[in-house]
Amino acid sequence: MDLLLNTVQPYDWGSTTALPRLMGTEPTGEPQAELWMGAHPSAPSRIDRGSADRGGDGGGGGGGPVPLDQVIAGDPPAELGAATLRRFGPRLPFLLKILAAAAPLSVQVHPDLAQARAGFAREEALGVPLDAPHRTYRDDHHKPEMIVALTAFRGLCGFRVPLACADLLDALGVPALRSYADTLRGLPEAQALAEVFTAFLSPPAGLVDDVTGAVVAAADRAGPYRADFAAYAGVARAHPGDSGLLAALMLRHVELAPGEALFLGAGIPHAYLSGLGVEIMASSDNVLRCGLTSKHVDTAELVKVVRFTAMPPRVFHSRAEDAEETYPAPVDDFRLSRFRPRAGDPSFRLAAGAPQILLCTEGEARLSSAGTTVGIGPGESVYVPAVAEVSVAGSGTLFRATVGLDAVAR
């Protein structure tokens, strides 16, 4: 196993204090939005198998830390295992993060696998550079994701039922919203959601300003939508004049308690608003944005990818399996679980067979493999190649990320 040296992403919506508080470090005064753990090529974790205390070369070559994607490319069977390599090819199929949001992220949606493959092939055939600002598909992978709240966590996820959405628009008292409410009440669900959502992407002049004023005022009034309007008012303040506010009004406001999880599948529009959580996702850059961003919005492709169905957010708790608490997800790119050992508990074993990343978020975990023991504290993590078996002890909270192939994930 290898201690990971990880990158902190300084996105402007990030908290300046949440990650430092968890990791016990001094704030820099700059946003610290995401701590990445994995082999994503734009910010891979690094490992050092060549240092003296790790017992020889071990693939690191003795030259200092090496990006994890390079280590995996050097020996895919040993690093990933036969089943993972056969299913996903010579790449780590998941990315683990700690996400610390202090301001709303963009409203966005992710394609399914068929859409990603077709879209990527199309843009490759057109010769659109991978780094072009107007490029929509950066790779040919889908991007399901799941977040587990470490603190109270708020977001927007999935469409409201059209009638409920119409009632919410009426409650704002903006005359220009009446026609949209009528559409939501008068058409079948998918058609109603599609027509209003598409119209909100290119609203008439003045509508965003009118809605902003109404939402901010409504956030201070008693009523059944007060918490929702408070969330939307935060969106409006963080992104003044952005038409993404209108799309946000159509989405359900979600509040997670610590330990609760939210799964986000293909085609589900969503936006995180605030809070600290452990996020896992398929390793992909395919994001189609709907608003609350200065980045490219591909409206034509967006309406093909969005699922215009009103469905409740998939909020759930972990499922206990002996010492392991699993957060089930309907994909095989990743599997996330949590351990909460107490002082004096016997150690437990994590079998070999698949790549793993182990992340401590509270207390201390002691990890032993092949005669080496490593202690990790909050915000620290290790990578375990498929050939290695690990035993775990300590007192605190440890998250385990691996693939979702049942034959090798346990």
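Above this text sits the structure in question.
## A look at the overall build of the protein chain
Helix and strand counts for the protein chain come out as 12 helices and 22 strands. In summary, the protein chain has a C-alpha radius of gyration of 22 Å against a globular reference of 22 Å for 410 residues, a match within 12%. Principal-axis analysis of the C-alpha atoms places the extent of the protein chain at approximately 70 × 50 × 40 Å. Scored against the burial criterion, the 410 residues of the protein chain give a buried share of 55%. Taking all contacts inside the protein chain whose residues are at least 6 apart in sequence as the whole, residues at least 24 apart take part in 75%.

## Topic: the nonpolar core
One finds Leu 172 and Phe 197 to be the most contacted residues of the largest nonpolar core, which totals 54 residues. In terms of residues, this core owes the most to one element, helix α8 (residues 189-201), which gives 7 residues. With sequence-adjacent residues up to four places away left out, Phe 197 is seen in contact with Phe 159, Ala 247, Met 250, Cys 290, Leu 302, Val 306 and Phe 308. Formed by 40 residues, the second largest nonpolar core is a distinct cluster that contains Ala 39, Ile 280, Leu 336 and Ile 357.

## Focus: the environment of Gly 223
With respect to the secondary-structure elements, Gly 223 resides in the loop between α9 (207-218) and α10 (226-238). For Gly 223, a relative accessible area of 44% corresponds to the partly exposed category.

## Let's talk about the packing of aromatic side chains
For the coordinates displayed, the defined rule picks out 9 aromatic pairs. Ring centres of Tyr 225 and Phe 229 lie 5.8 Å apart, and the angle between their planes is 55°; this geometry places the pair in the tilted category. Each member of the pair Tyr 225 and Phe 229 is classed as buried. Ring plane angle 55° and centroid distance 6.5 Å describe the contact between Phe 316 and Tyr 327, whose orientation is recorded as tilted. Of the two residues, Phe 316 is situated in strand β14 (residues 314-316) and Tyr 327 in strand β16 (residues 324-327); the sequence distance between them amounts to 11 residues. The pair formed by Phe 316 and Tyr 327 is uniform in burial state, with each residue classed as buried.

## Overview of unusual backbone geometry
Unusually for a residue other than glycine, Leu 292 sits at a positive phi of about 60°. Turning to its location among the elements, Leu 292 is positioned in the loop between β13 (288-291) and α12 (299-305).

## Brief notes about the packing of helix α6 (residues 162-172) against helix α7 (residues 178-186)
Here α6 crosses α7 at 160°, and the two axes come no closer than 8 Å. Considering their axes alone, α6 and α7 lie roughly antiparallel with respect to each other. As for how α6 packs across α7, the hand of that crossing is left-handed. In this structure, α6 uses Pro 162, Leu 163, Cys 165, Ala 166, Asp 167, Leu 169 and Asp 170 to contact α7, whose residues at the interface are Tyr 180, Ala 181, Leu 184 and Arg 185. Here the residues of the contact of α6 with α7 are counted per class, giving 8 nonpolar, no polar and 3 charged.

## A word on the pattern of salt bridges
Scanning all chains against the criterion turns up 20 salt bridges. A salt bridge links Glu 34 to Lys 97, with the nearest nitrogen and oxygen atoms 3.1 Å apart. With Glu 34 in strand β3 (residues 34-38) and Lys 97 in strand β6 (residues 94-101), this residue pair connects regions lying 63 residues apart in the sequence. In this structure Glu 34 comes out as buried when scored by relative accessible area, which is 5%. A salt bridge links Arg 49 to Glu 79; the nearest nitrogen and oxygen atoms lie 2.9 Å apart. Taken together, the residues Arg 49 in the loop between β4 (46-47) and β5 (66-67) and Glu 79 in helix α3 (residues 76-80) connect sequence positions 30 residues apart. The residues Arg 49 and Glu 79 share a single accessibility class, namely buried. Salt bridges here are not isolated pairs; linked through shared partners, they connect Arg 319, Glu 321, Glu 324, Arg 335 and Arg 400.

## Details of the pairing of strand β21 (residues 381-384)
Where burial is concerned, the two faces of β21 agree: the one with Ser 381 and Tyr 383 and the one with Val 382 and Val 384 are both buried. Strand direction decides the pairing type here: strand β1 (residues 2-3) and β21, joined by 2 bridges, are antiparallel. Each residue of the ladder has a partner; that of Asp 2, found in β21, is Tyr 383. As judged from the 4 bridges shared by strand β19 (residues 356-369) and β21, these two strands associate in the antiparallel manner.

## Notes on the state of the cysteines
Under the defined criterion, the tally for this structure stands at 0 disulfides. Cys 157 takes part in no disulfide bond, and the closest cysteine sulfur to it belongs to Cys 290, at a distance of 12 Å. Judged by its relative accessible area of 2%, Cys 157 is buried.

## Overview of helix α5 (residues 113-125)
With 13 residues, α5 should cover 18 Å at 1.5 Å per step; its first-to-last C-alpha distance of 18 Å lies within 8% of that length. Turning to α5, its buried residues are Ala 116, Gly 119, Phe 120 and Glu 123. Summarising the axial view, the buried residues of α5 lie within an arc of 100°, below the 170-degree limit, and thus occupy one face. Turned more than 90 degrees away from the buried face of α5 sit Ala 114 and Ala 125, all of them exposed. For α5, the capping residue at the N-terminal end is Asp 112, with a side-chain oxygen 3.2 Å from the backbone nitrogen of Ala 114. Gly 127 sits one or two residues past α5 and shows a positive phi near 75°.

Rules used in this analysis
- Residues numbered from 1 in each chain as written.
- Predicted model: local features only at pLDDT ≥ 70, side-chain atom pairs only at ≥ 80, totals over all residues.
- Heavy atoms only, no water.
- Helix = DSSP H or I, 4+ residues; strand = E, 2+ residues; numbered from the N terminus.
- Rg over C-alpha atoms; globule rule 2.2 N^0.38 Å.
- Buried < 20%, exposed > 50% of the residue type's maximum accessible area, 1.4 Å probe, protein only.
- Contact = heavy atoms within 4.5 Å.
- Core = buried A, V, L, I, M, F, W, Y, C linked by side-chain atoms within 4.5 Å.
- Phe/Tyr/Trp six-rings, centres within 6.5 Å; stacked < 30°, edge-to-face > 60°.
- Axes fitted to C-alpha atoms, helices over the stretch in contact; angles between N-to-C directions.
- Parallel < 35°, antiparallel > 145°, perpendicular 65-115°, else oblique.
- Left-handed = near helix turned anticlockwise from the far one by under 90°.
- Nonpolar A, V, L, I, M, F, W, Y, C, P; charged D, E, K, R; others polar.
- Salt bridge = Lys/Arg side-chain N within 4 Å of Asp/Glu carboxyl O.
- Pairing = 2+ DSSP bridges.
- Disulfide = S-S within 2.5 Å.
- Expected span 1.5 Å × (residues − 1).
- Arc of directions from axis to C-beta.
- Polar contact = N/O pair within 3.5 Å; in protein donor to acceptor, adjacent residues only side chain to side chain.

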